[in-house]
Amino acid sequence: MAHRVRFSKLLGAAVVAVLGLTVLTPTAASAQSAAPPNAVLAWNIHAQTAIYEVARQSPTAGSRSFAMVQGAVYDAVNAIAGAPYEPYLVAPRAHRGDSTPAAVATAAYRVLLSLFPAQAAALRAQYDEALAVTSEGLPKRSGIRVGEAAAAAMIADRRNDGAFSDATWPVGTAPGAYRLTPPGFVQAGAWYPFLKPFAVDNPAAYRVPGPPALAGAAYARQLNEVKSLGSATSTTRTRDQTEAATWWDDYRQVEWYIKRGVATDHRLSPLETARMLAMVDVSTADALISCYGQKRYWSFWRPVTAIPLADTDGNPATVADPAWTPLRVTAPSPEWPSGHACYTSAIMTALRKFFGRDDLSFSAYSADSGTTRHFDSLSAARAELIEARIWAGVHYRGATVNGDRLGETVTREVLAKEFGRRR
């Protein structure tokens, strides 16, 4: 179970700074770039700054960007270490004496620049700062060359991969059919099911059972559960459940801080850190491709639509509430399965594979909830996320459970194919 810790603003800022889990603005991220123990973590923070703090990419779009950055960084660091692990795309010619910090900075910088050319000045400043503290000479020049080669391979591999196409979600009017959701009623993220996968052969091969029949008892049970626990004005949701729903729903994702936190706590080397982040981020990208493909396939209505229209579902055990609103804003994508469950399950599954154990202890702070939550195992975090999406009012239980299973299944295939020790 997660333990709740509440802070005053002053105490909270002090504690999260010590933990290395500070919520970063672009300015703070730059100022803290020297805080992580290795260059891989420093550039992961720079990536967060570019991807979210400045570009404000959605969690799905951001997953592609993080996978590109960390995949290139991994290939660069792995090459300099003598390629003890299978490269993701390429193993550039390198020597063990080449500068790993220069290679990491170059690989990350070049990929980020390709993704966000409008941020060229800020990215160049971060890059120049990183290179300025690296001793001049052949190791630095060679490290830059290795990083450039790794980045070039990634940029070329992702060219015309289907990102940001003009695809739209199917929208219907029949009971159960997906409708655009408030408050924006926008089309967003519908290109993700068509994105070229990073590792799996066929994302569409991964299926989840469909939603329960509208007229059945299972549907009524799931709808009534989220109607009660997920309402913005719920009287059945506890204070801790409200906090957990908000904590997990923070767009400045707690998962980012969890990854960096476990790397720091376990004193991972640059190679170990690069491999761990690549395993996690490539797995989450592919898990979300499968997940969003299933969303498109089932195209089911979200609770925010279904509850006000419950008088049209043909089920006598459901009652419409036209004024019902969820605790948290519903993401602009169809129901079934939960994207966040797919995402978090993929992360926790990859971390379990990397560390070889479930009983990892970790914490992270959310500015949205103003609290830190602590977990004693990866499975405990997965279990709470399943519940938190119901408490947030954005998913039915079946969508979260099936999303969790899908994320694990896809991740297992990714890691059976990629990032293993070289034979």
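Before reading on, note that the structure itself is shown above.
A short tour of the structure in this document, coming up. (Residues numbered from 1 in each chain as written. Predicted model: local features only at pLDDT ≥ 70, side-chain atom pairs only at ≥ 80, totals over all residues. Heavy atoms only, no water.)

1. Remarks on the layout of surface pockets
Put simply, the rule reads: Any residue with an atom within 4 Å of a point lines the site, the site being either a cavity, points on a 1 Å grid over the protein atoms alone where a 1.4 Å probe fits but cannot get out, or a pocket, an open set with protein on both sides within 12 Å along at least 5 of 7 lines. Grid points are joined across faces, edges and corners, and a volume is the space filled by probe spheres set on the points. The helix count covers DSSP runs of H or I at least four residues long, the strand count covers runs of E at least two residues long, and both are numbered beginning at the N terminus.
Within this model, the largest pocket holds a volume of roughly 580 Å³. Considering the residues around the largest pocket, the lining is formed by 32 residues, among which Pro 59, Thr 60, Tyr 251, Tyr 292 and Ala 331 are closest to the centre. Mapped by element, the contributors of at least two residues to the lining of the largest pocket are helix H4 (59-80), helix H11 (270-298) and helix H13 (339-355). It is H4 that contributes the most residues to the lining of the largest pocket, 4 residues altogether.

2. Digging into the pairing of strand E3 (residues 371-375)
Note the cut-off: The classification of residues rests on relative accessible area computed with a 1.4 Å probe and restricted to protein chains. Under 20% of the type maximum is buried, over 50% is exposed, and intermediate values are partly exposed. By definition, two strands form a pair when at least two bridges between them are found by DSSP.
Among the 5 residues in E3, 4 count as buried, and that is most of the element. With 5 bridges joining them, strand E2 (residues 362-366) and E3 adopt antiparallel strand pairing. For Phe 362, the partnering residue across the bridge sits in E3 and is Phe 375. Where E2 folds back on E3, the antiparallel hairpin that results is connected by 4 residues, among which Gly 370 adopts a positive phi of roughly 70°.

3. Remarks on the packing of aromatic side chains
What counts here: Pairing of aromatic side chains here covers Phe, Tyr and the six-membered ring of Trp, requires ring centres within 6.5 Å, and sorts the geometry by plane angle: under 30 degrees stacked, over 60 edge-to-face, intermediate tilted. In this analysis the charged atom, NZ for Lys or CZ for Arg, is taken to sit over a ring once it is within 6 Å of the ring centre and within 35 degrees of the ring normal.
Applying the stated rule across the entire model yields 19 aromatic pairs. Relative to Tyr 396, the ring of Phe 300 has its centre 5.8 Å away and its plane inclined at 55°; by these criteria the two rings are tilted. Residue Phe 300 is found in the loop between H11 and helix H12 (303-306), and its partner Tyr 396 is found in the loop between helix H14 (378-391) and helix H15 (397-417); the two are separated by 96 residues along the sequence. Note on Tyr 396: relative accessible area 1%, which makes it buried. On the basis of an interplanar angle of 85° and a centroid distance of 4.9 Å, the ring pair of Phe 354 and Phe 355 is categorised as edge-to-face. Residue class for Phe 355 comes out buried when judged on its relative accessible area of 18%. Aromatic rings pair up to connect Phe 164, Trp 169, Trp 191, Tyr 192 and Tyr 292 into one cluster. For Arg 56, the ring lying beneath its charged end belongs to Tyr 52, and the centroid distance is 4.5 Å. Over the face of the ring belonging to Tyr 297 we find Arg 207, whose NZ or CZ atom lies 4.9 Å from the ring centre.

4. Section: the packing of helix H3 (residues 39-54) against helix H6 (residues 120-132)
The line we're drawing: All axes are obtained by fitting lines to C-alpha atoms, using only the stretch in contact for helices, and the reported angles, taken between N-to-C directions, cover 0 to 180 degrees. Working definition: roughly parallel below 35 degrees, roughly antiparallel above 145 degrees, roughly perpendicular at 65 to 115 degrees, and oblique for all remaining angles. Note on contacts: a residue pair qualifies if any of its non-hydrogen atoms lie within 4.5 Å across the two residues. Gly is put with the polar residues, along with every residue not named as nonpolar or charged; the nonpolar set is Ala, Val, Leu, Ile, Met, Phe, Trp, Tyr, Cys and Pro, and the charged set is Asp, Glu, Lys and Arg.
As a packed pair, H3 and H6 sit with axes 11 Å apart at the nearest point and diverge in direction by 170°. In terms of orientation, H3 and H6 fall into the roughly antiparallel class. The segment H3 lies against H6, with Trp 43, His 46 and Ala 50 engaging Leu 123, Gln 126, Tyr 127 and Ala 130. Within the contact of H3 with H6, the residues separate by chemical class into 5 nonpolar, 2 polar and no charged.

5. Observations regarding the environment of Ala 72
Mapped onto the elements of the fold, Ala 72 is located in helix H4. Taking relative accessible area as the criterion, Ala 72 reaches 0% and is therefore assigned buried. When the C-alpha positions of Ala 72 and Leu 89 are compared, they lie 8.1 Å apart, and in sequence the two are 17 residues distant. With residues up to four places along the chain from it excluded, the contact list for Ala 72 reads Ala 107, Val 111, Ala 150, Ala 151 and Met 154.

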